[in-house]
Amino acid sequence: MSDIDIQRALFDEVMVPNYAPLSQIPVRGQGSRVWDQAGNEYIDFASGIAVTALGHCHPKMVQAIQEQSQKLWHVSNLLTNEPALQLAHKLCQATFAQRVFFCNSGTEALEASLKLARRYAYDHYGDNKKQIIAFRQAFHGRSLFTVSVGGQAKYQEGFGPLPGGITHLPFNDVAALEDAISSQTCAVVFEPVQGEGGVTPATREFVKAARKLCDQNHALLVFDEVQIGMGRSGHLYAYMDYDVVPDILASAKGLGGGFPIGAMLTMTDIAKSMSVGTHGSTYGGNPLACAVANAVLDVIHTPQVLEGVVHRHHMFVKGLQKINAQYGVFSEIRGLGLLLGLELAPKWQGRARDLVNAALAQRLFVLVAGTDVVRLAPSLIIPEEDIEQGLALFEQAVQAFVES
Ligand SMILES: *Cc1c(COP(=O)(O)O)cnc(C)c1O
């Protein structure tokens, strides 16, 4: 390896071109700071897209993976293992769930959720209850099934034939859902806060109506909490904030804090439809992944961290409003907890990527969510001085952006 020139240019020579990474290559992270090959320091308001919920190299996570790495790495699902059972037990204690299925990513958690909903309907109501209702701008992953359930045509183009039985409705539209749902609906799936689609929270009215309509039509309510879950909303899961309990919940991203893991949470009666042999994953419940997630959950599921998310939310919103009072670039600052969306005012629409690049030039990581929204998803425990310094960098980025 030592004689290979590891530079960004190498990416274009050896990698499939489905990503277009930035020119900087990060080599080290600590808390909410990241350093690149050249030694430049960045403040991280992105968390690897809402993944590193406890920042980089949290000591509890480092300890967990070091300890587990010397005990047991993998046994397959022909056997169970201690970290997986511990994690499942904790998740059941902490949430509505009575049963857990582990996998390796958000996509797989959604894939399992949707397959379970179909199978449950098949087991209980026969062969005609197949319709899945999903929403425009939704993002549920990149397998052919989840990308078809997602509500963004650009991710589906050219991959057909796509799985069928999926209806897309406008998000937060109670009347449209009332019209579309029927006895043939097996599941209604949405993100309590749409992430990739623009950081759009579901309205409380919509979430309550979805629960009621699912009950009336014997359909399962599936929450995709891959991005907003694991404390990012200020509750362990956002359904707790909405005070509406789903039948199935998909978790990933922050759950592993940077180590790949996904989970599907559900109830005993529903879980029965995933009987022996119906579904599986070689790595699902891997001891290393579960050991790390146990450590993440122990830290996040505490009043200090969850209340800290709400406190940091207010710090961010206040700082961002101050910036916006001066520059007027945003028409709306929205979101829940530490998932924030800054919608560009009409004059700057379509230019979210330019503002992200302006922030990068100030050595600040932020994200887009579509072409019109800048998204912030910092660590849930980002130090207050990093918020202040990061916002100061962001102000300089906004200034450069409006002057460009
Ligand atoms: C990221 C994301 C997914 C997909 O997760 P992967 O780990 O990339 O497969 C699904 N749903 C939501 C809401 C997400 O944000």
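One numbering rule holds for all chains: residues counted from 1, following each sequence as written. Given that this is a predicted model, residues contribute local features only at a pLDDT of at least 70 and side-chain atom pairs are listed and counted only at 80 or more, while totals for whole chains, interfaces and linings are drawn from all residues. Neither water nor hydrogens contribute to the side-chain values; these are computed over all heavy atoms in the structure.

Engineer: Would you mind going over the sheet that holds strand 14 (residues 339–344) with me for this structure?
Structural biologist: The pairing of strands in a sheet happens through backbone hydrogen bonds and is either parallel or antiparallel. Pairing is antiparallel in the open sheet, where 4 strands are placed in the order 13-14-17-16. Each end of this open sheet is capped by a strand with a single partner; those strands are strand 13 (330–336) and strand 16 (367–368). Following DSSP output, two strands are said to pair if at least two bridges run between them. Elements are defined by DSSP. Helices are runs of H or I of four residues or more, strands are runs of E of two residues or more, and each kind is numbered from the N terminus. Examined bridge by bridge, strand 14 and strand 17 (residues 373–376) share 4 bridges and lie antiparallel to one another. From the neighbouring strand, Gly 341 faces strand 17, where its bridge partner is Arg 375. The contact rule is simple, with two residues in contact once any of their heavy atoms fall within 4.5 Å. A fitted line through C-alpha atoms serves as each axis, taken over the contacting stretch for helices, and the angle formed by two N-to-C directions is quoted from 0 to 180°. Packed onto the sheet, helix 12 (residues 303–327) meets strand 13, strand 14 and strand 17 and runs at close to 175° relative to strand 13.

Engineer: Looking at this structure, how should I read the packing of aromatic side chains?
Structural biologist: Where two aromatic rings form a pair, the distance of their centres and the angle of their planes describe that pair. Two rings belonging to Phe, Tyr or Trp (six-membered ring only in the last case) form a pair when the distance between their centres is within 6.5 Å. Interplanar angles under 30 degrees mark stacking, angles over 60 mark edge-to-face geometry, and anything in between is tilted. Scanning all chains against the criterion turns up 13 aromatic pairs. Each ring, one from Phe 135 and one from Phe 206, has its centre 5.3 Å from the other, and the planes form 85°; the classification is edge-to-face. In this pair, Phe 135 is assigned in strand 5 (residues 131–135) and Phe 206 in helix 8 (residues 204–216), connecting sequence segments 71 residues apart. Just as Phe 135 is buried, Phe 206 falls in that class too. Pairing Trp 348 with Phe 401 gives two aromatic rings, centres 6.4 Å apart and planes at 40°, and the pair type is tilted. With Trp 348 in the loop between strand 14 and helix 13 (352–361) and Phe 401 in helix 14 (residues 384–403), this residue pair connects regions lying 53 residues apart in the sequence. Taking relative accessible area as the criterion, Phe 401 reaches 2% and is therefore assigned buried. Each residue is assigned to one of three classes by its accessible area relative to the maximum for its type, calculated with a 1.4 Å probe on protein chains only: buried under 20%, partly exposed between the two thresholds, exposed over 50%.

Engineer: Would you explain the sheet that holds strand 2 (residues 33–36) in this entry?
Structural biologist: Reading across the sheet, the 4 strands line up as 1-2-3-15 and stay open at both edges, with mixed pairing between neighbours. One side of each edge strand has no neighbouring strand; the edge strands of this open sheet are strand 1 (26–30) and strand 15 (364–365). The pairing of strand 2 with strand 3 (residues 41–44) spans 3 bridges and is classified as antiparallel. Within strand 3, the residue paired with Trp 35 across the bridge is Glu 41. Set on the sheet, helix 14 makes contact with strand 2, strand 3 and strand 15; between it and strand 3 the angle comes to about 105°.

Engineer: Where do I start with the site of the ligand in this structure?
Structural biologist: Proximity criterion: a residue is near a molecule or strand once any of its heavy atoms comes within 4 Å of it. The environment of the ligand is made up of Ser 105, Gly 106, Thr 107, Phe 139, His 140, Gly 141, Glu 191, Asp 224, Val 226, Gln 227 and Lys 253. Identification of polar contacts relies on pairs of N or O atoms within 3.5 Å, with a donor-acceptor requirement for protein atoms, meaning one able to donate a hydrogen and the other able to accept it, and with residues adjacent in sequence counted only if both atoms are side-chain atoms. Note that a nitrogen atom of the ligand is positioned 2.7 Å from one of the side-chain N or O atoms of Asp 224. Each accessible area is a Shrake-Rupley result for a 1.4 Å probe, and residues are judged covered by the shown protein chains and nothing else. Protein chains shield 82% of the accessible area of the ligand, which is 380 Å² for the free molecule. By residue class, the composition of the shell around the ligand is 2 nonpolar, 6 polar and 3 charged. For this scheme, ten residues count as nonpolar: Ala, Val, Leu, Ile, Met, Phe, Trp, Tyr, Cys and Pro. Four count as charged, namely Asp, Glu, Lys and Arg, and the remainder, Gly too, count as polar.

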